[in-house]
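# Examining the three-dimensional arrangement
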Amino acid sequence: MKIISVVGARPNFMKIAPFCRAIESFNSKTNKRINHILVHTGQHYDDRMSNTFFDTLNIPKADINLNIGSGSHAEQVGNTMISFEKILIKENPDWVVVVGDVNATLACSVTAKKLKIKVCHIEAGLRSRDLGMPEEINRLVTDRLSDLLLTPDELSANNLRAEGVSEKNISYVGNIMIDTLEAHIDQAKQLNVLHVVQDNLHENDFYRSKNIVFQEPERYVVLTMHRPSNVDDCKVLEPIVKFLTEEVAKDLTLIWPIHPRAEKQLGTFDLLEKVIQTPNLILLKPLGYHDMLRLNMGAQVMLTDSGGLQEECCVLGTPCLTMRWNTERPITLREHGGASVLVGNDVDKLRAEYLNALSLDRMPFRPGFWDGNAASRCLEAILNY
Ligand code: UD1
């Protein structure tokens, strides 16, 4: 059997790592060999957004890099399709395996399906029901075309059933990202928060620029933010920045590993200087996997619009304020037993939930099959299809 699996952007890397290992383990234990080709579309290309994850998570070097880089959605998807089609024609795999919901997921599933190659989607069935979100379009198209839909939870499997997907195409395998968390949590525990901060200071950080030495923060809040809905509109971003700099950082240390999109937009709206000049706000470069996991483990509160962090907070129990009006991962919400609450980008709601979250204890929660063994169930589902 020949499988091509695809990664494109940061959140794909933690999902593909365990799948690569599951194939390696299958090949070493049986005499049937899976020929596995890993393709990186190159949507994320910086060391800190890409290469570091290959090293830390022991992902084999991609066999093929399409070097797509940045661009509009149409450019990224179109360029990926043109390059990927050539690979598929040459390699003619039995399966294309895509993960998550980024532009690579969409582009490669469409290209494979048009060439009549079977598509397997890992992390199928997630729905935010918000078509203003590019990832929702990617999820809908990918799931509509996929032959095998591997879901992280029952809610996602039910979404697929409600859309008319046949039972034989759905398999509830659990959350593959939690395989990665399980495999790396002990290494993350060894890290010291102060070192994580010192080693990753952004070149414009306040402390770095003033050469101020700081102590390990006793209590800190972590922020990540990159969604177009939060960072692309000044009317939305400015009040959030005001809240963060004038309220959150007043009381507690605010640690912000900044995403390139957010940094660019802060610059465009003349807000970057305010962020840099705020004492108690520590600006970091994008973090590696272990560093982020370590910060999450000790955070008083997580403020985020990321999908993956909602899930990691759920398992670690970190009170999480999800800066979105909807989530494709409702299982992580408090009403389902998780640690997260939706706060959108309305500052009054954000403030109220933030103050509330400060008094919450950690409440770790593990939905079914978030047990570190999802990748082997993914491979089993493909082999049994
Ligand atoms: C993408 C994904 C999103 C995911 C996020 C995580 C899509 C539609 N979106 O959004 O689902 O949550 O990644 O990071 O696929 N850039 C760099 N260095 C890089 C990569 C990007 O500087 O290595 C810059 C680009 O030039 C661009 C910006 O970051 O200006 C955004 O990158 P892009 O790939 O367009 O989307 P993300 O917002 O990262």
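Throughout what follows, the structure given in this document is the object of discussion.

What counts, and at which threshold
Residues numbered from 1 in each chain as written. Predicted model: local features only at pLDDT ≥ 70, side-chain atom pairs only at ≥ 80, totals over all residues. Heavy atoms only, no water. Helix = DSSP H or I, 4+ residues; strand = E, 2+ residues; numbered from the N terminus. Buried < 20%, exposed > 50% of the residue type's maximum accessible area, 1.4 Å probe, protein only. Contact = heavy atoms within 4.5 Å. Areas by Shrake-Rupley, 256 points an atom, 1.4 Å probe, with all protein chains shown as cover. Lys, Arg positive; Asp, Glu negative; His and termini not counted. Charge placed at Lys NZ, Arg CZ, Asp CG, Glu CD. Near = heavy atom within 4 Å. Polar contact = N/O pair within 3.5 Å; in protein donor to acceptor, adjacent residues only side chain to side chain. 1 Å grid on protein atoms, 1.4 Å probe; cavity = no way out; pocket = protein on both sides within 12 Å on 5 of 7 lines; lining within 4 Å. Sits in = over half its atoms within 2 Å of the grid points. Nonpolar A, V, L, I, M, F, W, Y, C, P; charged D, E, K, R; others polar. Pairing = 2+ DSSP bridges. Axes fitted to C-alpha atoms, helices over the stretch in contact; angles between N-to-C directions. Core = buried A, V, L, I, M, F, W, Y, C linked by side-chain atoms within 4.5 Å. Points joined across faces, edges and corners; volume = space filled by probe spheres on them.

### Thoughts on the overall build of the protein
When helices and strands are counted, the protein shows 17 helices and 13 strands. Overall, the protein is about 60 × 40 × 40 Å in size when its C-alpha atoms are taken along their principal axes. Each of the 385 residues in the protein was classed as buried or not, and the buried ones make up 60%. Taking the contacts inside the protein whose residues are at least 6 apart along the sequence as the reference set, 70% of them involve residues at least 24 apart. Only carbon and sulfur atoms are counted for the fraction: they give 50% of the accessible area of the protein, which is about 15,900 Å². Taking the 42 positively charged and 49 negatively charged side chains of the protein as two groups, their mean positions are separated by 4 Å.

### Quick notes on the site of the ligand
Around the ligand lies a shell of 21 residues, among which His44, Ser70, Glu135, Arg261 and Lys264 are the nearest. One of the backbone nitrogen or oxygen atoms of Tyr45 is found 2.9 Å away from an oxygen atom of the ligand. Note that an oxygen atom of the ligand is positioned 2.7 Å from one of the side-chain N or O atoms of Glu135. Considered on its own, the ligand offers 750 Å² of accessible surface; in the complex 89% of this is hidden by protein. Applying the majority rule of atoms within 2 Å of the grid points places the ligand in the largest pocket. Going through the elements one at a time, α1 (10-29), α3 (73-91), α5 (134-145) and α12 (260-268) are the ones with two or more residues in the shell around the ligand. At three residues, the largest contribution of residues to the shell around the ligand is made by α12. Class assignment of the residues belonging to the shell around the ligand gives a composition of five nonpolar, nine polar and seven charged.

### A closer look at the sheet that holds strand β3 (residues 64-65)
Overall, parallel pairing links the seven strands, which are arranged β3-β2-β1-β4-β5-β6-β7 in an open sheet. Looking along the sheet, the strands with just one partner apiece sit at the ends: β3 and β7 (170-172). Alignment of strand β2 (residues 35-40) against β3, held across two bridges, turns out to be parallel. The residue bridging Val39 from the neighbouring strand is Ile64, located in β3. Here α3 sits on the sheet in contact with β1 (2-7), β2, β3 and β4 (95-99), set at roughly 165° to β1.

### A word on the nonpolar core
Counting 46 residues, the largest nonpolar core has Ile3, Phe19, Ile59 and Ile122 as its most contacted members. Here the element with the most residues in this core is α1; it accounts for nine residues. Ile122 has contacts with Phe19, Val97, Val98, Val99, Gly100, Leu150, Ile176 and Cys378, leaving out every residue within four places of it along the chain.

### Focus: the layout of surface pockets
The space that makes up the largest pocket amounts to roughly 1,200 Å³. Arg10, His44, Met49, His226 and His259 are, among the 49 residues lining the largest pocket, the residues nearest its centre. At the level of secondary structure, the elements contributing two or more residues to the lining of the largest pocket comprise α1, α2 (47-56), α3, α5, α12, α14 (289-298) and α15 (307-316). The residue makeup of the lining of the largest pocket, split by class, is 20 nonpolar, 18 polar and 11 charged. Volume-wise, the second largest pocket comes out at about 210 Å³. Lining of the second largest pocket is provided by 14 residues; of these, Asp130, Gly132, Met133, Arg227 and Ser229 occupy positions nearest its centre. Considered class by class, the residues forming the lining of the second largest pocket number five nonpolar, five polar and four charged.

### Topic: empty space enclosed by the protein
In total, this model carries one cavity of 30 Å³ or more according to the counting rule given. In this model, the largest cavity occupies a volume close to 40 Å³. Considering the residues around the largest cavity, the lining is formed by Ile122, Glu123, Leu150, Thr151, Pro152, Val173, Gly174, Asn175, Ile176 and Met177. Listed by contribution, the elements that provide at least two residues to the lining of the largest cavity are β6 (148-151) and α7 (176-189). Looking at the lining of the largest cavity residue by residue, the classes come out as six nonpolar, three polar and one charged.

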